Amino acid sequence: RTFFELIGHSAFNIGARPAPPVTLPGAMVYQPEGAHALAPWQDGASVALLVFYRAHVQAGNTAVFDAMLEALSHAGLNTVALAVDSLKNPTSLALLRSLAMQHQAGVVLNATSFAMTALDGADVDSVEGAQMVPLAGEAPVLQLITAGYSQEQWQADPHGLAPRDLAMQVVLPE
């Protein structure tokens, strides 16, 4: 949107010049705005931690995550959302683990392609003898798949996920 406002202002003298872009941190707690604002925190309710790529925030492509947070809240869960550049970034991983511990997350819903950066804290190609390092303490991690097309297209396709989505979100992470 800001890009088009800048073009409108610069090329056609329409509207005010928009503010310059803001650099986002590698990882940030995400709060939906407007109609999708998070419900008030419920004392004693279980916590779901939703993790997704920061690029969705940069692109304004957060509707699916806003809807998920809203549905989780309607199901009686407290929600925390974290937008990350990569789980291989130590700062992003540290914030995820800190939030999971602080809020005693009962489940992590991970919409990044890879739920684990390494088996023992180092990037290794072999799993022999390696120890699994939990992503967020004892909380189970459910891997979410974000398809590259609409729900209607997905439902109409007898093959389910497109080959690209299968490769990026199922095959490579395995």
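See the structure above.
Structural notes, computed from the coordinates. For clarity, every value in this text was computed on a predicted model and none was experimentally measured.

With a phi angle near 55°, N13 is a residue other than glycine that sits in the positive phi range. Along the polypeptide, N13 turns up in the loop between α1 (2-12) and β1 (27-30). On the basis of relative accessible area, N13 is assigned to the exposed category, the value being 64%. Despite not being glycine, Q104 shows a phi value in the positive range, around 50°. Locating Q104 in the fold gives a position in the loop between α4 (90-102) and β4 (107-110).

What follows concerns the nonpolar core. Counting 17 residues, the largest nonpolar core has L49, V51, L82, V84, L96 and V108 as the members making the most contacts within it. In terms of residues, this core owes the most to one element, α4, which gives four residues. Sequence-distant contacts of V84, defined by excluding residues within four places in its chain, comprise G26, A27, V51, F52, Y53, R54, S92 and T112. Core analysis: the next-biggest nonpolar cluster, separate from the first, contains 14 residues, Y30, A48, L69 and L144 among them.

This next bit is on the sheet that holds β4. The mixed open sheet is built from five strands, whose spatial order is β1-β3-β2-β4-β5. Looking at which strands have only one partner, the edges of the open sheet turn out to be β1 and β5 (141-143). On average, adjacent strands in this sheet sit at an angle of 25° to one another, irrespective of strand direction. Pairing of strand β2 (residues 47-53) with strand β3 (residues 78-84), which is carried by seven bridges, proceeds in the parallel orientation. Within β3, the position partnered with L50 by the bridge is A81. On the sheet, helix α3 (residues 63-74) packs against β1, β2, β3 and β4 and is oriented at approximately 175° with respect to β2. In the packing of α4 onto the sheet, contacts are made with β1, β2 and β3, and the angle to β3 comes to roughly 175°.

Inspection of the entire model under this criterion finds three aromatic pairs. With 5.4 Å between their ring centres and 85° between their planes, Y30 and F52 make a pair best called edge-to-face. Here F52 lies in strand β2 and Y30 lies in strand β1, a separation of 22 residues in the sequence. Measuring from ring centre to ring centre gives 4.2 Å for F52 and F65, while their planes differ by 10°; the resulting arrangement is stacked. Here F52, found in strand β2, pairs with F65, found in helix α3; they are 13 residues apart in sequence, far enough to count as distant. We classify F65 as buried; its relative accessible area is 2%. Ring pairs connect the aromatic residues Y30, F52 and F65, which therefore count as one cluster.

So, how was this worked out
Residues numbered from 1 in each chain as written. Predicted model: local features only at pLDDT ≥ 70, side-chain atom pairs only at ≥ 80, totals over all residues. Heavy atoms only, no water. Helix = DSSP H or I, 4+ residues; strand = E, 2+ residues; numbered from the N terminus. Buried < 20%, exposed > 50% of the residue type's maximum accessible area, 1.4 Å probe, protein only. Core = buried A, V, L, I, M, F, W, Y, C linked by side-chain atoms within 4.5 Å. Contact = heavy atoms within 4.5 Å. Pairing = 2+ DSSP bridges. Axes fitted to C-alpha atoms, helices over the stretch in contact; angles between N-to-C directions. Phe/Tyr/Trp six-rings, centres within 6.5 Å; stacked < 30°, edge-to-face > 60°.

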